[in-house]
Structures are given as structure tokens and as C-alpha cells.
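Observations on chain architecture
These are the residues of each chain, in order.
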Amino acid sequence: MDLASRYKGVVGLVFGNENSPSNEDSYVERLLDRISNGVLAEDRRTAMAELQSVVAESHATQLAFGAMGFPVLMGVLKEERDDIEMIRGSLETLVSALTPTNHAKGPRNEVQPALMNTDLLAREAENISLLLSLLSEEDFYVRYYTLQILTALLTNSPNRLQEAILIIPRGITRLMDMLMDREVIRNEALLLLTYLTREAEEIQKIVVFEGAFEKIFSIIKEEGGSEGGVVVQDCLELLNNLLRDNASNQILLRETIGFDAVVSILKLRGSSYSFTQQKTINLLSALETINLLMVGGADPGKDTNKLTNKTVLVQIKVLDYLLMLGVESQWTPVDVRCGMIYILWPMGIYFTSSPISGSVLFLALRCIGNLIAGHPKNLDALATKVLGEEPQVEPALNSILRIILRTSSMQEFMTADHVFKSFCEKNSDGQTMLASTLIPQPHSMTHAPIEEDVNMSFGSMLLHGLTLSESDGDLETCCRAASVLSHVLKDNIQCKEKVIRIELESPMPSFGAAEPLMHRMVKYLALASSMKNKDTKSSSMGNLYVQPIILKLLVTWLADCSTGVQCFLDSRPHLTYLLELASNPSATVYIRGLAAVLLGECVIYNKSGESGKDAFTVVDAISQKVGLTSYFLKFDEMMKSFVFSSAKQVEPHKPMTRSAAASMAEIEDVDEQDSSDQNNEDHPILSSVFDSSFVNFVKRVETDIRETITDIYSRPKSEVAVVPAELDQKSGESDEDYIKRLKSFVEKQCSEIQNLLGRNATLAEELAKIGGRGSSQTERSASGGLERVQAETLRRDLEEASQRIEMLKVEKAKIESEASMYQNLAGKMESDLKSLSDAYNSLEQANFHLEKEVRALKNGGALTVPDIEALKAEAREEAQKESEAELNDLLVCLGQEQSKVEKLCARLSELGEDVDKLLEGIGDDMGLPEDDEAEED
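In this text, all values refer to a predicted model and were calculated from it rather than measured experimentally. Position labels on residues start from 1 in each chain and follow its written sequence. Reporting of local features is limited, given that this is a predicted model, to residues whose pLDDT is at least 70; pairs of side-chain atoms are given and counted only at 80 or more, and all residues count toward the totals for whole chains, interfaces and linings. In computing side-chain values, all of the structure's heavy atoms are included and hydrogens and water are not.

**Section: the overall build of the protein chain**
Rule in force here: Only DSSP runs of H or I reaching four residues or more are called helices, and only runs of E reaching two or more are called strands; each is numbered from the N terminus. Using a 1.4 Å probe on the protein chains alone, a residue whose accessible area is under 20% of its type maximum counts as buried, one over 50% counts as exposed, and one in between counts as partly exposed. Contacts are assigned to residue pairs with any non-hydrogen atoms lying within 4.5 Å of each other. Accessible areas in this description were obtained via Shrake-Rupley with a 1.4 Å probe; residue shielding takes into account the shown protein chains only.
Scanning the protein chain from N- to C-terminus turns up 48 helices and 7 strands. The buried share of the protein chain, taken over its 937 residues, is 46%. Taking the intrachain contacts of the protein chain between residues at least 6 apart in sequence as the baseline, contacts between residues at least 24 apart amount to 72%. In the form shown here, the protein chain has an accessible surface area of approximately 49400 Å², with 53% of it arising from carbon and sulfur atoms.

**Details of a nonpolar patch on the surface**
Stated precisely, the cut-off is as follows: Candidate patch residues must exceed 30% relative accessible area and have no salt bridge, after which like charges are joined if within 9 Å and Val, Leu, Ile, Met, Phe, Trp or Tyr side chains if within 5 Å. The working definition used for a salt bridge is a side-chain nitrogen of Lys or Arg within 4 Å of a carboxyl oxygen of Asp or Glu.
On the surface, a nonpolar cluster with roughly 440 Å² of combined accessible area is contributed by Met821, Tyr822, Leu825 and Met829. Its place among the elements puts Met821 in helix H45 (residues 783–858). Taking the relative accessible area as the measure of exposure, Met821 reaches 46% and is therefore partly exposed.

**A few points about the packing of aromatic side chains**
The condition is simple: Pairs were defined over the aromatic rings of Phe, Tyr and Trp, the Trp ring being its six-membered one, requiring ring centres within 6.5 Å. Orientation was assigned from the angle between planes: stacked under 30 degrees, edge-to-face over 60, tilted for the rest. A ring has a charge above it when a Lys NZ or an Arg CZ is no more than 6 Å from the ring centre and no more than 35 degrees off the ring normal.
In this structure the tally under the stated criterion is 13 aromatic pairs. Between Tyr144 and Tyr145, the aromatic rings sit 5.9 Å apart at their centres with planes inclined by 50°, giving tilted as the arrangement. Ring centres 6.4 Å apart and planes at 35° place the aromatic pair Phe694 and Phe697 in the tilted group. With a gap of 3 residues between them, Phe694 and Phe697 both fall in helix H42 (residues 692–714), about one helical turn apart. When sorted by exposure, Phe694 lands in the same class as Phe697, which is buried. By the ring-pair criterion, three or more aromatic residues cluster together here, those being Tyr590, Phe644, Phe690, Phe694 and Phe697. Cation over ring: Arg182 sits above Phe140, and NZ or CZ is 4.2 Å from the ring centre.

**Some points on the pattern of salt bridges**
Counting across every chain of the model gives 25 salt bridges. Measuring nitrogen to oxygen at the nearest pair gives 3.7 Å for the salt bridge that ties Arg186 to Glu222. Taken together, the positions of Arg186 in helix H13 (residues 183–196) and Glu222 in helix H15 (residues 212–223) put the pair 36 residues apart, joining distant regions of the chain. Relative accessible area serves as the criterion here: at 3%, Arg186 is assigned to the buried category. Each of Arg34, Asp43 and Glu50 takes part in one network of salt bridges that share partners.

**Quick notes on helix H4 (residues 41–57)**
Note the following rule: Expected helix span is taken as 1.5 Å per residue step, with the number of steps being one fewer than the number of residues.
The first and last C-alpha atoms of H4 sit 25 Å apart over 17 residues, in line with the 24 Å expected at 1.5 Å per residue. Residues Arg44, Ala47, Met48, Leu51, Gln52, Val54 and Val55 constitute the buried set of H4. Turning to H4, the residues buried within the fold contact helix H3 (23–37), helix H5 (59–68), helix H6 (70–79) and helix H7 (84–98).

**Let's talk about the layout of surface pockets**
Rule in force here: Only protein atoms enter the calculation, which uses a 1 Å grid: trapped sets of points that fit a 1.4 Å probe without letting it out are cavities, open sets showing protein on both sides within 12 Å along at least five of seven lines are pockets, and any residue with an atom within 4 Å of a point is a lining residue. Grid points are joined across faces, edges and corners, and a volume is the space filled by probe spheres set on the points. Each residue gets one label: Ala, Val, Leu, Ile, Met, Phe, Trp, Tyr, Cys and Pro are nonpolar, Asp, Glu, Lys and Arg are charged, and the others, such as Gly, are polar.
In this structure, the second largest pocket occupies an estimated 470 Å³ of space. In terms of lining, the second largest pocket is formed by 23 residues, of which the most central are Glu425, Lys490, Asp491, Thr556 and Phe697. Elements with a contribution of two residues or more to the lining of the second largest pocket: helix H25 (410–424), helix H26 (428–435), helix H29 (476–489), helix H30 (493–500), helix H32 (546–558) and H42. Sort the elements by how many residues they give to the lining of the second largest pocket and H42 lands first, with 4 residues. In terms of residue class, the lining of the second largest pocket is made up of 6 nonpolar, 7 polar and 10 charged.

**A word on the environment of Glu702**
Summarising the element assignment, Glu702 is placed in helix H42. In this structure, the C-alpha to C-alpha distance between Glu702 and Phe632, residues 70 residues apart in sequence, is 9.2 Å. Residue contacts for Glu702: discarding those within four places in its chain leaves Phe635, Asp636 and Met639.

**A closer look at helix H37 (residues 628–640)**
If you check H37, its first and last C-alpha atoms are 19 Å apart, about what 13 residues at 1.5 Å a residue would give, namely 18 Å. Residues Leu628, Thr629, Tyr631, Phe632, Lys634, Phe635, Met638 and Met639 constitute the buried set of H37.

**What about the pairing of strand S5 (residues 392–395)?**
Threshold: If DSSP finds at least two bridges between two strands, the strands pair.
Judged from the 4 bridges that link them, strand S4 (residues 386–389) and S5 form a sheet pairing that is antiparallel. When the bridges of S5 are listed, Gly388 appears paired with Val393. Hairpin remark: S4 followed by S5, antiparallel, with 2 residues in the connecting loop.

**Quick word on the confidence of the model for the protein chain**
Quick note on the threshold: Residue-level confidence of the predictor, termed pLDDT, takes values from 0 up to 100.
Taken residue by residue, the protein chain gives an average pLDDT of 78. The fraction at 70 or more is 75%. Of the regions scoring below 50 in pLDDT, residues 330–356 engages in 76 contacts with residues more than four places distant in sequence or in other chains.

**A look at the side chain of Thr151**
Mapping Thr151 onto the fold places it in helix H10 (residues 140–156). The contacts of Thr151, once residues within four sequence positions are left out, are Glu188, Leu192 and Tyr195.

**Details of the environment of Ser646**
With respect to the helices, strands and loops of the structure, Ser646 is situated in the loop between helix H38 (642–645) and helix H39 (658–665). By relative accessible area, which is 19% here, Ser646 ends up buried. Separated by 46 residues in the primary sequence, Ser646 and Ser692 have C-alpha atoms spaced 8.8 Å apart.

**Thoughts on the state of the cysteines**
The condition that has to hold: Note on disulfides: each one is a pair of cysteine sulfur atoms within 2.5 Å.
Taken as a whole, this structure holds 0 disulfides when the rule is applied. The cysteine Cys495 is free of any disulfide, with Cys424 supplying the nearest cysteine sulfur at 8.5 Å.

**A look at the packing of helix H16 (residues 230–243) against helix H19 (residues 277–295)**
Counted only if it meets this: Axis definition: a line fitted to C-alpha atoms, limited for helices to the stretch in contact. Angles are taken between N-to-C directions and run from 0 to 180 degrees. For classification, angles of less than 35 degrees are called roughly parallel, those exceeding 145 degrees roughly antiparallel, those between 65 and 115 degrees roughly perpendicular, and all remaining angles oblique. Left-handed is the label given to a crossing in which the near helix is rotated counterclockwise from the far helix by less than a right angle, and right-handed is the label when the rotation is clockwise.
Taken N-terminus to C-terminus, the directions of H16 and H19 make an angle of 15°; their axes are 9 Å apart at the nearest point. Here H19 runs roughly parallel to H16, going by the angle between their axes. Judged by the sense of rotation from one axis to the other, the crossing of H16 with H19 is left-handed. Packed against H16, whose contacting residues are Val230, Val232, Gln233, Leu236, Leu239, Asn240 and Leu243, the element H19 presents Gln278, Ile281, Asn282, Ser285, Ala286, Glu288, Thr289, Leu292 and Leu293 at the interface. Across the contact of H16 with H19, the residue classes tally to 9 nonpolar, 6 polar and 1 charged.

Structure (C-alpha cells):
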């Protein structure tokens, strides 16, 4: 009886001392004795039925059964295989013992018998082996109850069950055979296998070897594909468990069954199809499968396998189905906020309602982006895709851009933007193709309604979005278009120079000529800053990320593009505005940091020799307006921020379980409702904008910026060009004039030398503050510079000493105030003590008089005795008055409660409830014992 002894101490703690067992212990023990030692088979079966009933209903009996019942029932399962009724009863009792009761929850630290019983049963591998052997029985209920027991064990003790099944011969094989059993058995086995394969790689291999793929798709087809119920969902979850990070299983699926069975689940049948929640969940699970195939596996050949999977998927037309689900939406309405959805047609948009969740669109767009990422042929396939039917057709990229510009959903914007990011990444031909369509529209079309962009080219639509919201002050559409433009320009000098030449008509032509697109973007950047300053409590979620996205566009645009830097500096206010933005304390860390990066790019990519626009001018402005120490700190602050520091961390992929799929199916962009109240700098979209590639670029360019600015600042631009010819005496020049000119030349040279020494000294101080960068510069500083540093140090020490003196003065005044307060408090306490002393003296005198009277009474003196009966009568009268008042209050409360009861009874009668039946038995035998006791008193 080792099983019984293990939990003997626990049972003693729950039910009392082990020498005085509770009623539950005794009852369970008697039933188990009848089952073990009973002579009549009918009596044993009756005892088994009673045991199952009490274990299913009683929390305490479950615990008592766990301490002593498992050896008895496992013995029945092992030795009495011919008695099917006893086997059924034993298995049903085990199911009840492993299932938590539905009674009210107790304290958190209360013993949970179902968990304890699960642990007790799973400890013995022989028990698991015995249960698995029962799966070969012909009786339906024996197999059904056995699967339920195994599922309960897996839920509460997954590791032990997985280990036990792996060491049992043909353990997984028996479970796989259940997939071809009757429907109920099959569903239970499917659920059990889904739990088993979530994290157990060895079990995954065995399951695949036993023909899991064929059986899974057979069940999906039998259940009706994506139109099926929760069984299809379980099948897809099992399939995803087998494919997740497992390249060998993906290759086996691709080379045996193929991906056609997966893609067929995405097919939408009928133009008037009605989406249900389960249909949506099935689609989500199938899209998850497609995504897993495009991610590849964790093996060394991951990239090769991933590219092969993408090639095969496009060959079997998966891109068409994804575009239908995520973009075209001819049959799939797209859910957005407020319960309204829009359907994208080539002719325009219209609004309707639909039960499908927008998460299908999000995941479909995400799959499109992953499908084309790093795959040249798939990139070309998307570029040539058109949606709609002749003659009203539209390129797929135009439709995706329209989603970005029109949607009110932040998630739709981010996922559609991910498609363009994937399309433009290392795809110079695609970027050039998109940039070639960037043709400005006439001024009348620039301010046309958003619906007018249906027949525009991609570039015209993008420029339309960039300038559409200028008049109404809403820059969110502009920043979304700017995000797409940054993808088009990234790492492509030809596209950057082409877009630089684009000029937009002035909003009021009478005010001036057309302005470059870059200047317009800087104007919108300043406009966003002014809007934020005017309304710091603005509820527009776009205000939180408009400036960072526009700054990212400018940083991407100016990178390695001297023409862009020249265009940016053509307008003098641009440099001044950037300096103010970088030093603005009210701006976020990201805005200040990106402004600093943009200033640095104006230095390192500046090849201009024109005075006022060269790199020296920018460095000099940074030094004077911001200061090198403060400027370099902008980089450090931005890099330490949450978004930049966590950009390289990839979140682990979470399996789409039943609960996760249901929550995704019900998503309604809730995060957007909360974003209006979000005042912190870590807006969710910033994590998407500042991806790992952009963060790595900023880190690389930061190093170049530091080195270049330090070099330029330590060796400033010469103010006087030294031309050897100037040292010679000119013809016709007198000796006196020649001497004066040479003297003037030498004075200017001396002035330049002094300026250089001063700059080197300041540079040494600046670099010393930021951690010793450029220590070699400090060592080479001139003696005059060192003296300036020492003088500055002494000045700061004096300021700190003055501040310390002021602080001491404040502390002195505070101490004096506290001393005065304590002095007043001491005086008050002294006065109170005196009053207490006087009161004590009075009490002493009164006590003396009372003692004197007592002594007089003892010596035979007379003293008036109070009338005791009169005092009792007076006290009784006052008590009666108080009880009458309390009785009146109780009567008033009783009347109010009676009125409420009458109203509730009338309402229940209206609802069709039998009031008399509901009130039957209420109040019976209530208060009788207490009334009897009161009468006895």
C-alpha cells in the first residue's frame, strides 16, 4: 500500500488526526472494502456506483479516495478485464477523482484533491501503461473514459505523462489509432495529442512518423474544411504544433502531401458567405500555419527551407487567397472600430456590417509581407498582381496603399506598412518602379476628397496622401504616407535624388513658386510640433507618432545623400528649427534623438563648399546653440530608451491555442481606444517604426557623427586662405603699404591661432564630460586651453560652494523654526501639567472629606440612605422609553422592507414566476430556539 501511505499525512491534516478518521474516510474505506472483498458481483458493482457518486460530488471524499482508493481500482482494471461493467465503473470513478468539483471556491491555500490525485496517479509509469492498454478494448465507454483520464493527467502533470508515454512501447501508436475511431473518441484523442505535442519534440517526431499529416487533413476534409467546427480548429492546432520551428517536419509535409491541403482552407466559397466566429478562428489557424511555413525551422538549413516553402506557396496561388482575405475583401468584409467595416472595391468604398473579426485581415497582410520578404520572384509576383475584374482593375500595391491612407485602425496601418517594408527591403528595382510613378498632381487634385484617388497611380496617390491633410491640420494621413515613402527611399540613391527634384505647388500660388517635397515635409514636422504645443491634451493618437515618422523619413532620405543635405540646408530656417527641436525639453526622447541624428547627417554627408551651408557651419551652430556635451547626450538618451534598447529582442512566437484564437477572433482594436489616453513616450506603433534595422543604422551613423564632429571642431575651417602670392610685394606697392598688409595678415593668423586654442580647450572639456572620448585630443591641448579648463573648474566649485551655503542657510532657518515650535509645545505641556496637578489636589481634598464622613458613620453618626426603590422605578421607566423608541424604529424599517417585498413579488408575477413557490419554506423554524431560550430567561 505505498500509494496510500504517500498521502496519509496530508489526509490527516485535512480531516484531523489519523487516529480519529472522519466520516468521509470511513465511508470511502467501507466502499473500497466492499469492492475488494465483496462476494456478490452485484454488491461490488453497487459499491462502485456509490463510490463514483460520492467522489464526483464531495470535495473531501475526493481527497479521502486519493489516499486509499487508487490501488483498489487499478487492481480492478488489471485483474478483471472481463467484467466490463466494473471496468467502466472504475474508469468513471477515476475521472471523477481527477476532475475538480463545482462547489464554491475555498481559500487559495486549500488543498486541491484533483491536483493531488493527478500527481499520485501519474507517478507510477505502470498506471499509464495500464491505461494505454485499455485503448485496445472494444467497449466504447472504456476507451472514452480512458482518454478523459489521460487528458486530465496531461493537463495537470504534462511532463510526467509525456515521459511515461515515451517509454511505453507503442504508446503513441495507440493514441494515433484513436484518430480513426468513432467521432467522440476521435475528438478526445485529437485534443489529447494537441496537448502532448506542444513542446515535446520527440513525441512530435513519433506522431508524424505514425501518419499524422494524412489523418489530420482527412479529418479536416471530413468536417468541411474552414466551415467546420472546433474539431477543425483542434486539427490545425495539432498541425501547427508539428510544424513550429521544425524544418524536417515541414520538408516531410511539403514532399509528401504538399501545401495544397493547407491553402484550400483559405478558399472562400460563395459571394454571400456568412462568417461565424468559428469560421474566423479556423481561418486564423490556417493563416498561422502559412506563417509558420514561411518562418522556417530552427535547423541550420532554415533559410533554404524557408525560401523553398515560399516558392511552393506562391506556385499554388496562396498569394491570391491572401490578397482576397486581406486586401480585395470582395467576399471578406474587414472589421474596424465602432462595429462598422469597409469593403475595398476597385470603384471605391462603402460601409456595411459583418461579424468577421479584423484579425483575419491583420494576419493575412502579415503573411503577405512575410511571403515576399527576401524572395525576388515573390516580389515580382506581388508587383504584377491586380485586383478586381476588367475593366475595373487596380494593382494590388495601390489597394494596400489605400488601406494605409484610409483605415481608422492602427493595426491595419502597421500590417499594411509591413507589406511595403518587405517589398522595398533590398529590392532596388521595385523601389525604382514605385518612385517612377511619383508625379505631382495639379493643385485642384491635391486638395480633392480622398475618394478621388481611385484612378491615380501609386505615386500620385502617395503624394496625394502626403499633402491631403494640410488644410484641416490632421497630419496622421501625411505621416502614414511618409512611412511608405521612407521604405521607397531606403538605401537607394537614385530614388532619393529623383524624389528631391519633385516640387509641389504652393497652397496659395500668389505667395510664391513651387517648393521641394523635402521642404514640405519639414514644414509638416514643424506644424506637428506647433499643434502639440497648442493642445498638450490632444486626444489624437497620431500626435504621438507623427513627428517620429516624419523624422525617420528625413533621416532615411539624407543618409549617404549629399544632394539631400544640400536641399535641406537650402532653407536657412531648417537648421535653426532642428537645433531648437534637439534642445526642446518638452519633446520626447525619440524626437530629440532623431533631430540630433538629422543634424549629424548634415555634417557627415555634407560636401558643400558654399559658406553658410558647409559642415563647419553646422558644427559651429551645434556648438553655440546646443553644446557638444548636450548634443551627444541626445544619442545616449535615445539609445537607453525602451523602444531602442528592446528593438533587437525578438518576442518568442506564442502558439495559437483555443483561448488565444478566440481572443483574436473577438479583437476590435481595443488598443486604439486606450491610445488616446496614453501619455507615455512608448506608443505601440513606435516599436514598429523603430525596427531593428533602423536602430542598427542609427547606431552605425552615430559613431561616424561623433568622430566627424570632433574632427571638424578640433580643426575649424580656416578663415583666411593662405596664398603664397599674398606674401610677395605687389608691383607699384610702396614698402609702407606692403608692411601694413603683412602686419594685418600676421594679426589675422594670430587671431586664428587663439581661436583654435580656445576651441581645443572647450573640446577637451566637452569630451571629458561624456566619458573621456577623445582623450588624445585632451593630451594635445595647448597650455592656454588647460588654464581655461582649470578656471572653469574653479568657477564651478565656487558656484557649488555658494549653493551649499544657501542650502545651509535654509536648513538653519528650518531648525530655528522647529526649535521655536518645540519651545511653545513645552510651554503648553507645562501648563497642562499644572492643571493636572491642581485637579489632583482637588481630588485629594474630596477624598479626605469622604474618609472623614466614613469614619463618622463608623463611630455611630447618622447618614441619609437613598431610596433604592425609587431609583429602580426611575431606571425601569427610562429603559422602557428607550425600548419603545427602538421598537418604533424597527417597525418603520419593517414597513419599508415589506413594501420592497410587495414590489418584488409584483415584478416576479409579471415575469411569470410563481411567488408562493419561491417563498415556500422561507422563515420556517427560524428563530424558534432563540425565542424559547428568551422565554426561559
